[in-house]
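Residues per chain are reported as follows:
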Amino acid sequence: MSLVVQGVTRKSGGAYTCHATNALGAGASPPLHLDVKYAPVCATEQGSQHSVGKLENAEISCQVHANPENVSFRWTFNNTAEAIDVPRGRFGVSGTESRVNYTPMTELDYGTLLCWANNSIGTQESPCVFQIVAAGKPDPPHNCRVFDITISSLQAACLPGDNGGMEQNFLLQVFQIGSTSPVLEVSRPSPSFSVTNLRPATAYKVVVAAINKKGYSRAVELKAYTDRLPETQEETSA
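Values in this document were obtained by computation on a predicted structure and should not be read as measured data.

Draft legend 1. Broad picture of the side chain of Ser98. Mapped onto the elements of the fold, Ser98 is located in strand 11 (residues 97–102). Polar contacts involving the side chain of Ser98 include one to the side chain of Trp75, which spans 2.9 Å. A distance of 2.9 Å separates a polar side-chain atom of Ser98 from the backbone oxygen of Gly92. Here Ser98 is in contact with Ile60, Ser61, Cys62, Phe73, Trp75, Phe91, Gly92 and Val93, once residues within four sequence places are set aside.

Draft legend 2. Region of interest: the environment of Gln173. Mapping Gln173 onto the fold places it in strand 16 (residues 169–176). Given the relative accessible area of 19%, Gln173 is considered buried. Residues in contact with Gln173, not counting those within four places in the same chain, are Pro182, Leu184, Glu185, Lys205, Val206 and Val207. Reaching out from Gln173, the side chain makes a polar contact with the side chain of Glu185 at a distance of 2.5 Å.

So, how was this worked out
- Residues numbered from 1 in each chain as written.
- Predicted model: local features only at pLDDT ≥ 70, side-chain atom pairs only at ≥ 80, totals over all residues.
- Heavy atoms only, no water.
- Helix = DSSP H or I, 4+ residues; strand = E, 2+ residues; numbered from the N terminus.
- Polar contact = N/O pair within 3.5 Å; in protein donor to acceptor, adjacent residues only side chain to side chain.
- Contact = heavy atoms within 4.5 Å.
- Buried < 20%, exposed > 50% of the residue type's maximum accessible area, 1.4 Å probe, protein only.

This is the structure we're talking about:
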């Protein structure tokens, strides 16, 4: 009995065991280990984005799978003007991982870092890709509106602006006109809010801003006026 493995890839490696059964019972062969040698490939298929401010340091990690695992690395930086090899002294190697410390100094220092590894089988076909983008405060949300206003509630929604190169949240504050203390303050990952427990026939200022680790966007202000109580309820209250 023989086994033919066709279309071998790096995922074909592992232990293979032959099992057989007949009327008298079952048996298995000793495992046979298939060791597939291959050139390095990125440990993650998708590229990643790193948001970095000017003069800030970012440590970028490039990890690969390879067999044999004795690999060497090279890094290249590309922007709209040129492609530059990163000097060997700027990055370190530990096994199948390489780390580079990168500090943007000018606008031209934003672009794409590419990482390649190679072993005795060859050089990886596609580099690992890392986008270096400028980090900053988010842009304000836009197309904001209040709607579905009742005697005690309203809805508020906006479209998000640019996030400044990093994760952002949205802050909603509701003020009664003439007051400097918010009656409601809530933060959400999307600029869509449901506001309740408002007073009837009252004017409110609705303020929405975006927030990330760099700070706050310019605030967007809206006005809203809650509905009056129905006349029957007003007469009962009186």
